[in-house]
Amino acid sequence: MAVDSSLSPLGPPACDKDAKALQFIEETTRNADAVQERVLSEILARNAQTEYLKRFELGGATDRKTFKSKLPVITYEDLQPEIQRIANGDRSPILSAHPISEFLTSSGTSAGERKLMPTIQEELDRRQLLYSLLMPVMNLCVPGLDKGKGLYFLFVKSETKTPGGLLARPVLTSYYKSEHFKTRPYDPYNVYTSPNEAILCPDSFQSMYAQMLCGLLEREKVLRLGAVFASGLLRAIRFLQLNWQQLAEDIRTGTLSSKITDPDLKSCIGGILEPDPELADFMSKQCGKENWDGILTRIWPNTKYLDVIVTGAMAQYIPTLDYYSGGLPMACTMYASSECYFGLNLNPMCKPSEVSYTIMPNMAYFEFLPYETNSVSGGGESGTRLVDLVEVEVGREYELVITTYAGLHRYRVGDILRVTGFHNSAPQFHFVRRKNVLLSIDSDKTDEAELQLAVDNASKLLKKFSASVVEYTSHADTTTIPGHYVIYWELLVKDSTNSESESFDSVMDQCCLTMEESLNSVYRQGRVADNSIGPLEIRVVKNGTFEELMDYAISRGASINQYKVPRCVNFTPIMELLDSRVISKHISPSLPHWTPERKMR
């Protein structure tokens, strides 16, 4: 089968199956506008009798002009009443003509809690289709991937049920627990070292232990190492640092640690674990060294690349991954969210800073709200006219707006994308950031309003010391594993003797915990259940520090009239200035409250 040479500069497809996948990419992107027109028509036709579409009196119309003139652009808050009804058990066709099969919990939050994204059963087919395109593209760039395995650290997270009985869980948990994943057909290009039992184990420690153990047992066969996010791969490295001695002992004796109690895991791993003193000695030699530079390629010497997301907030982890991997390439293969799967990277071995995703026009109907990056407020919508997928302009930034088969219509996702080019007639986008997100370590997203509320709540504890927070800023510190939030406070203390007491130090520690209690459930789950976020830290700086910060900004050309204290900082000279003025450091003394059984309202 002929495949466009622009998609395979390194040679022909690896096999017939790949050839068909690549041809599908070519045909779909070449006819992007026609595919989009068909997708919108299908969505509007099938959902014509839903309560939501009838409200806007489309009269059965399925064309773009009527759609754009009748339907408003919306946010999650606009849909909350309908979503709540579905969650409470209303099975009438409210948003979708097809039954809502479950809710996917978004890492974005609404009023401090996860958003519930409705989905339908057939969306699994669409997600599976996009997954099926990843390896055919990767095989063009890295030959021989069918000769070994992938070591991927994949996990399920907690799920709950709505009052009406629908499951609510993260999109990847939904996929890993689906038959699409569990009974996936054998593909020599897509074999993992981790058995399904290890991935599906709900206990994060046992799951990580089993996946790491299996990866070590087959270390010579591993050709690619990955996790969903860069932060997840670094957690795996930290896990190895803390547990390598027990892992080596299991390998030496051929017996599984007593910490593994899950019966499915014990049965599965017990069947493949045999004494291997030579591998245990090798591990002890490598992991016992103080220097872990290049540890990934020392333990897994045949690894050709890391498969992790290092775009957006994850870019902060690139230097650390470079250190541990000895500079292995990092492949960002796919762009997806709870709301919709969007597209893939057709040049997956490019530099992380150059990653662009090609939107696949068959996944949903896409529109784009022009976004200005140089406005006084730091960024905002430019007018209200949305443009279609093929109408975007190279170099401009847009907010993504989607219409899905599952019943989201003209929904603002909140992702800001920059157009970098086109593949055929389908645009390619660089992910710039999540709109309004200040801090992110893993899948958490904290915006300015939420950070302000957390500071306000914590600062109330200072009243009995006649102290208050004068100014503050924040930073996502990823030099630790896991990363953690650092909040810089400048205090006004009326009586300096108060701030020098032990009780004041204790209250400052409590301020850290109070801030954590004030942050959203995604953050708190990362702290408590996933161990993906470390304890929050407050660093108190000398009086006058934020004035120095303003002086520095003005010296670099900021207007004194428009200067506002940045609520999040990343620029190295500013970090150095703040850290040089720190007079005390305080760490959250315990875990914040979080429970997966929390009753959904």
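- Under an unreviewed UniProt entry, the name given to the protein chain is Indole-3-acetic acid-amido synthetase GH3.1, and the source organism is Pyrus ussuriensis x Pyrus communis.
- Database annotation for the protein chain, UniProt heading Sequence similarities (unreviewed entry): "Belongs to the IAA-amido conjugating enzyme family."

1. Some details on the domain arrangement of the protein chain
Inference 1: Parsing the protein chain into structural domains produces domain 1 (146–303) and domain 2 (437–587).
Inference 2: Here the C-alpha centre of domain 2 lies 35 Å away from the C-alpha centre of domain 1.
Inference 3: Facing 9 residues of domain 1, the contacting portion of domain 2 comprises 9 residues.
Inference 4: When domain 1 packs against domain 2, the two sides together hide about 770 Å² of surface, and 47% of this comes from carbon and sulfur.

2. Considering unusual backbone geometry
Inference 1: Of the consecutive residues I481 and P482, the connecting peptide bond is found in the cis state with omega at -5 degrees.
Inference 2: In this structure, R410 is a non-glycine residue whose phi angle is positive, near 55 degrees.
Inference 3: Looking at R410, the relative accessible area reads 5%, which means it is buried.
Inference 4: You will see that N531, though not glycine, has its phi angle at about 55 degrees, which is positive.
Inference 5: Position of N531 relative to the elements: it lies in the loop between α19 (521–528) and β22 (537–541).
Inference 6: By relative accessible area, which is 45% here, N531 ends up partly exposed.

3. So, the nonpolar core
Inference 1: L240, F366 and W489 are the most contacted members of the largest nonpolar core, which has 166 residues in total.
Inference 2: Per element, the largest residue contribution to this core is 11 residues, and it comes from helix α11 (residues 230–253).
Inference 3: Looking at which domains feed residues into this core, each of domain 1 (146–303) and domain 2 (437–587) gives three or more.
Inference 4: Not counting residues up to four positions away in its chain, the partners in contact with L240 are M212, L216, L247, M283, C287, W292, I299 and W300.
Inference 5: With 13 residues, the next largest nonpolar core counts V541, F546, Y563 and M575 among its residues.

Conventions we followed
- Note that residues are indexed from 1 along each chain, following the sequence as it is written.
- It should be noted that, the model being predicted, local features are given only for residues of pLDDT at least 70 and side-chain atom pairs only at 80 or more, the latter also being counted only at that level, while totals for whole chains, interfaces and linings use all residues.
- Hydrogens and water are ignored here; the side-chain numbers use all heavy atoms of the structure.
- UniProt positions are given in the numbering used here, feature names are shortened, and annotations may be inferred rather than shown by experiment.
- Throughout, the edges of the domains are those of an automatic or database domain assignment.
- Whether two residues touch is decided by their heavy atoms; if any such pair falls within 4.5 Å, the residues are in contact.
- Accessible area, probed at 1.4 Å, shrinks when two parts are joined; the buried area is that loss added up over both.
- Relative accessibility under 20% of the residue-type maximum defines a buried residue, over 50% an exposed one, and the middle range a partly exposed one, all with a 1.4 Å probe and only protein chains included.
- The numbering of helices and of strands both runs from the N terminus, where a helix is a DSSP run of H or I of at least 4 residues and a strand a run of E of at least 2.
- Side-chain atoms within 4.5 Å link the members of a nonpolar core, which is a set of buried Ala, Val, Leu, Ile, Met, Phe, Trp, Tyr and Cys residues.

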